[in-house]
Structures are given as C-alpha cells and as structure tokens.
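# Breakdown of the fold
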Amino acid sequence: MVKRTSLSSNYAVAYAVKMADVDVIAAYPITPQTHIVEKLSEFIANGELDAEMIHVESEHSAMSATIGASAAGARVFTATASQGLELMHEILHIASGMRLPIVMAVASRALSPPINIWSDYSDIMNARDTGWIIYIVSSAQEAFDTIIQAYKLAENKEVLLPVMVAFDGFVLSHTFEAVDLPEEEEVRRFIPKQVTWYTLDPENPMTLGPLGPPEWYYEFKYQQVVALNKALEIAKQVDDEYGKVFGRKYGLVEPYRLDDAEIAIVAYGALASTAKAAVDEARKNGVKVGLLRLRLFRPSPVEEIAKYLENVKAVGVMDRAISFGAPYGGPVFADIMEALYMKGVDTLLSSFILGIGGRPMYLHDVLTVINKVKEIAESGRRTIETYYIGVRE
Amino acid sequence: MIEIRWHGRGGQGAVTASQVTAEAAIIEGKYAQAFPEFGAERRGAPVKAYTRIDEKPIYIRSPIVEPDIVVILDPSLLVSEPVLDGLKKNGWVIINSKKPVDEIRKTLGRSDVKIARVDADTIALQILKVPIVNTAMLGVLVKATQIVSLDSIIDAVSRRFSERIAKLNIEVVKKAYEEAEVSG
C-alpha cells in the first residue's frame, strides 16, 4: 500500500536509498545535503537499514570509499554539494571510467568565494564532462522516484555508469511536501540486487583502472561514449517501467503547455516548478507560452529537446549557473542551442541567468523572462545579449 | 491557495509549526508545502518560515510576500521586524500575546486585518515546562482560520513527535484552542 507522507527532498532521497537496500554509504557532511546522511544514519541505528556507514575525512575520500565498495560488488550511495562536489571532481572521473554503478545525490549549492550556502547549479555544471549520468529533479516525489530509477539505470548491463541526482539546495532539499512512499518490497522487486558489473574478487584476481597506454586508452573512453548514448534509451525504458509499477513517470524532458505554444521557456530544478505557475499566469493574459523542463542533463536528450521546441518562434533558456567566458549565455543554453542547431531547428534563442547564490526566484522574475522572449519573437530579430535577471549592476 | 508566513525566534519552533501545518493539510488530502527562510538558524534570532496549502498541486516555490495569514510566535517581533509586510486585506494576524485583541490592534495600526491571540508562553511553560510556543500557536491558528481541522493538526503533531512529547503538545494545542481570543 502506498503511504502518503510529508517529506523534504533530502528525506525523500534517504527513504529511497533505504528502500534500495544499499550496502555501503560513505559521506562527509556539507550543507544543504547533511540531512540525507543524518537520516540514513538513523535508519542504520534503528536497524531499518543494514548498511555500513563510513564516516570519511573529505569528499575526495567519500567518493574513493564508494568506488572501493562498489568495485567489491556492493550497492553504494553518497551525497554532497558545492565545494564537496568540487573536491570530489578528480574521483568522479574515476567512478565513471571504472564503470561503477554508484548513485549520488547532490543538493546543489553555489561555489565560493564569497562563501554562500544557498542554491544554484554551478557545482553541477562543473561535473558536466565527468562521464556521469546527471538528473536534475523538481520535487521531493521526483527525488524519491529518480533515486530508484538511478539504481535501475546505473546497474543495467548495457550502461554501468554512475548516476548523479541533483536538486536545489534548500528550495527543494529543505521543503516539506507530500510524497507517496511505495512498499519497500515493491521497490526491492523493481531493483533486485544483482552484481552486473566487474568486481574485485580474491578468488579470481583482476585489476580495475590500471595503466591504459595509447594503444588502449582511446577504446576505453569510446566505450564510455557508447554506454552514455545507450543510457539515453535505457533511461526512457526505466522511466516507462517505473511508471507501470508505481504510477509515476517523468520523461527525460517534461513539456508543459507546449502543444499550442508560440514561444517557450526552458528551465530545470525548482525554477521549472515556479515556471509552470508563471506559464499559467502568462496564459491568463493571452501569452501563448509553454515550458520545457530539462530532467536529464547528461546524456543530453537531444531528440526530445528538438521535438518539443521545433515549432515555437522563440525560446528563452533560464540557467541557474554562469558559464564564465562562454561564447553566449549559460551552460544549459549552450546545450539547447547546440541541440537545435544540429537538428536544424531555426528559432530565436535567448539566454537568461537567475537564482544565483540563492537569490529568490519569484513568479515575476519568470514573467520578466517570458515578456522578453515574447518581445524577441515579435521583433523577429536574434539577440546576442545574455540577460542577468535581477542583478544590480 | 492559502499562504502563511511564520515569524518567530530561533528555538521557538516556527519551522516545525510550518511543517506540522503542511502535514495536517496533506493528511486531509490537500497539497501543501512548508519551508524555512534559509540560512539564518540561530537561537534567539528572528526566523521566518512559510506554508502553502491548496486543493491542487502547488508549483510556485518562491518565498511568500503577500500572505493570507501571519503567525507571530514572539510579540517583540512586532516592533523589530516588518511582520505585517504584504499581509492581505482581511488577512489574519495570529499572535502570541498576553494583551487583549483591542490593544494588539492599536499596536498593529491596521484595521483591515483579523486578529487572534493566545498567551502561548504561559500555556507552554505550564504544560511543556519550556518556552516552546509553536504548538500553542497551531491551536489558535486552526481555531481562527479553520484552514485545517483540529483533528488533523492533532494527527500531524502525533506523527511529528515521539509519543511522550506528542501527548504533551496535543494538550498544548487543545488548551490554546480553548483559550484563544478571536476577533474576526
């Protein structure tokens, strides 16, 4: 029986990890993620989860210990944010390169300096090219569901890659809302424990991650490319299967009121949620706008992006991170532009930056974006300006 | 949609109260959201928290600037914090105060809002033996506004705390509910 309860995204993640019956958790506390591992420690102490909790001295060690445990065949989990994800960066490449199905939650947070504990997606964007699968979710329910999907995807024999599930620090990590928790047995049936990857075994000695000379290194990397491409297809399958069993599916992108839209905005994370309310508001005033929410960031769901945006006159992409020195705009803007250009979709693109370092993102901020996109559509002229919404110059 | 803004001081339990209220609404099959003003958690410092309740899914995730209800857990915040900012006409001020409603109205300087109050300090000290007034404020809130039922609040309180603490807090909720002075 499904149990409706009230949980923050942090706690929703902890419940999902418990239901996934993980064997090893290695973590170092960092705001705004800490509640996840606190709750998991509680589950272990209460005997509700039979797992080893390794308290490490840094995030670099957290990922290293997670890799070690995964390489020994354990189902593993860790969580971090911000500077923690940065410190882990070197080891993120090792996790993906060694093809270990690690699942990590990231309560996204701005980067120092100045020190800022609040949310933006600078940390996530820096992990873009690490070879991880990266989801960005938009509610506590979706955080729960995506952690379960992440294990299914990561451990798929044709994928075998680590998965990051990101959500806004505080705005999601600390917000309590309704979450439907399925039966633990049902979750465990959906993601049965099977060691599908190469593991270290003293009876059959093997080396993971040894020297890869020029004759071989390239092929290892190409296999990662193939696996990530495959992950797109499997992620869709996993979402469909999850929907059949648990009654909820999300897609790799989520279109909202795009059917008859003349213009569109693109967003991710909590901002995409507020953006739905803004789209509703703008439509009351006769603006035919729709929203495309990006849920899977890596690998990039190019087909879906092009499919949903091919018929609109103008698209405004809202980014929660700055890509310093980039040719134009924010990091996800660059992805959308690339996807549309390569798919031959000709539309007027513009880039908007907002919600940096926890700057609140109000309905009127999104309405400002919608109005600007509408203006661009009406003018029919391409803009090369990046719009920094709400900044004091 | 009903939007509530909570004003308290670190340690009074404003954040917990915002969550218990959301949970009570969820128990009733409604949609709800509760979140703190992030980052200022220090004992004694002014804190804000927010609750949204609706019959349909809630998309908006920004702080509440035009609340229907403000709940003030510490009357000293009336002079030090802009607690009434954006409060809608005919909105509610739910306040912990020893003073009668008429006197509170004069201090507020607004004739277009409804007021409900209880002496939450005394109730909390009497029953809980600590000045944590959040559950007393829940009693006044539901009596005045009926945004959720008393039963749902009690249910939410019992889910939130351990059995012993929940029992005491339910007593607090009920006493505040009975003693609340409500001026519509």
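What follows concerns the overall build of chain A. Secondary structure assignment for chain A yields 13 helices and 15 strands. Counting only C-alpha atoms, chain A reaches 70 × 55 × 45 Å along its principal axes. Per-residue burial for chain A yields a buried fraction of 52% across its 393 residues. Restricting the contact set of chain A to residue pairs at least 6 apart, pairs at least 24 apart contribute 79%.

Attention now goes to the overall build of chain B. Along chain B, the regular secondary structure elements total 7 helices and 7 strands. Here chain B has a C-alpha radius of gyration of 15 Å; the compact-globule value for 184 residues is 16 Å, and the two agree. Seen along its three principal axes, the alpha-carbon backbone of chain B occupies a region of about 40 × 40 × 35 Å. Taking contacts inside chain B between residues at least 6 apart in sequence as the whole, the part at least 24 apart equals 61%.

Moving on to the domain arrangement of chain A. Residue and element names in this part refer to chain A. By the assigned domains, chain A splits into domain 1 (3-246) and domain 2 (253-388). Between domain 1 and domain 2, the C-alpha centre-to-centre distance is 28 Å. Across the contact, 27 residues belong to domain 1 and 21 residues belong to domain 2. Going through the elements one at a time, helix 6 (122-126), strand 6 (133-136), strand 7 (163-168) and helix 9 (217-246) are the ones with two or more residues in the side of domain 1 that touches domain 2. Considering every element that reaches the side of domain 1 that touches domain 2, the biggest residue donor is helix 9, with 5 residues. Classifying every residue of the side of domain 1 that touches domain 2 by side-chain character gives 18 nonpolar, 6 polar and 3 charged.

Moving on: the confidence of the model for chain B. Across chain B, pLDDT averages 96, with 99% of residues at or above 70. Confidence metrics for the complex model read pTM 0.97 and ipTM 0.96.

This part covers the pairing of strand 5 (residues 92-96) of chain B. Residues and elements named next belong to chain B. Among the 5 residues that make up strand 5, 5 are buried, leaving the element largely enclosed by the rest of the structure. Neither face of strand 5 is left uncovered, since the one carrying Trp 92, Ile 94 and Asn 96 and the one carrying Val 93 and Ile 95 both have all their residues buried. As judged from the 4 bridges shared by strand 4 (residues 69-72) and strand 5, these two strands associate in the parallel manner. Note that in strand 5 the partner of Ile 69 across the bridge is Trp 92.

As a further point, take the sheet that holds strand 5 of chain B. Taken together, the 9 strands give an open sheet; going across it, the order is 1(A)-8(A)-2(B)-3(B)-1(B)-4(B)-5(B)-6(B)-7(B), and neighbouring strands pair in mixed fashion. Sheet topology places strand 1 (3-7) of chain A together with strand 7 (181-183) of chain B at the edges, where each strand pairs with a single neighbour. Ignoring which end each strand starts from, the neighbouring axes of this sheet average 20° apart. This element, helix 3 (residues 101-108) of chain B, spans strand 5, strand 6 (114-118) and strand 7 of chain B of the sheet and lies at about 125° to strand 6 of chain B.

On the side of chain B, 17 residues touch chain A, which itself brings 21 residues to the contact. Those elements that place two or more of their residues in the side of chain A that touches chain B are strand 1, strand 8 (176-181) and helix 10 (270-284) of chain A. For the side of chain A that touches chain B, the leading source of residues is helix 10 of chain A, giving 5 residues. Across the side of chain A that touches chain B, the residue classes tally to 12 nonpolar, 6 polar and 3 charged.

With respect to the helices and strands, Ile 44 of chain A occurs in helix 2 (residues 34-45). It is 8.9 Å that separates the C-alpha atoms of Ile 44 of chain A and Lys 18 of chain A, two residues lying 26 residues apart in sequence.

Residue and element names in this part refer to chain A. As a packed pair, helix 7 (residues 140-154) and helix 9 sit with axes 10 Å apart at the nearest point and diverge in direction by 130°. Taken together, the axes of helix 7 and helix 9 lie oblique to each other. Our pair here, helix 7 against helix 9, has a crossing hand that is right-handed. Side by side, helix 7 and helix 9 meet where Asp 145, Ile 148, Gln 149, Lys 152 and Leu 153 of the first sit next to Ala 231, Ile 234, Ala 235, Val 238, Asp 239, Tyr 242 and Phe 246 of the second. Residue composition of the contact of helix 7 with helix 9, by class: 8 nonpolar, 1 polar and 3 charged.

Moving on, we come to unusual backbone geometry. Residue and element names in this part refer to chain A. For the peptide bond that leads from Thr 31 to Pro 32, omega is 0°, which places it in the cis range. Structurally, Pro 32 is set in the loop between strand 2 (24-27) and helix 2. Across the junction of Arg 298 and Pro 299, the peptide omega takes the value -5°, indicating a cis bond. Positive phi is not limited to glycine here, since Asp 21 has a value of about 55°.

Moving on: the sheet that holds strand 6 of chain A. Residue and element names in this part refer to chain A. In space, the 7 strands of this open sheet follow the order 3-2-4-5-7-6-12, with mixed pairing throughout. Each edge of the sheet is formed by a strand with only one pairing partner; in this case those strands are strand 3 (52-55) and strand 12 (296-298). Across the sheet, the axes of successive neighbouring strands diverge by a mean angle of 20°, strand direction being ignored. When strand 6 meets strand 7, the two strands line up parallel, connected through 4 bridges. Counted as the bridge partner of Ile 136 is Ala 166 from strand 7. Contacting strand 2, strand 3 and strand 4 (76-80), helix 3 (residues 59-71) runs over the sheet at an angle of about 165° to strand 4.

Moving on: helix 6 (residues 150-160) of chain B. Along helix 6 of chain B, the residues classified as buried are Ser 152, Ile 153, Ile 154, Ala 156 and Val 157 of chain B. As for helix 6 of chain B, its buried residues are in contact with helix 1 (14-27), helix 5 (134-145) and helix 7 (163-179) of chain B.

Calculation rules
- Residues numbered from 1 in each chain as written.
- Chains lettered and ligands numbered in written order.
- Predicted model: local features only at pLDDT ≥ 70, side-chain atom pairs only at ≥ 80, totals over all residues.
- Helix = DSSP H or I, 4+ residues; strand = E, 2+ residues; numbered from the N terminus.
- Buried ≥ 20, exposed ≤ 12 C-beta atoms within 10 Å, placed from the backbone.
- Contact = placed C-beta atoms within 7 Å.
- Rg over C-alpha atoms; globule rule 2.2 N^0.38 Å.
- Domains from an automatic or database assignment.
- Nonpolar A, V, L, I, M, F, W, Y, C, P; charged D, E, K, R; others polar.
- pLDDT = per-residue confidence, 0-100.
- Pairing = 2+ DSSP bridges.
- Axes fitted to C-alpha atoms, helices over the stretch in contact; angles between N-to-C directions.
- Parallel < 35°, antiparallel > 145°, perpendicular 65-115°, else oblique.
- Left-handed = near helix turned anticlockwise from the far one by under 90°.

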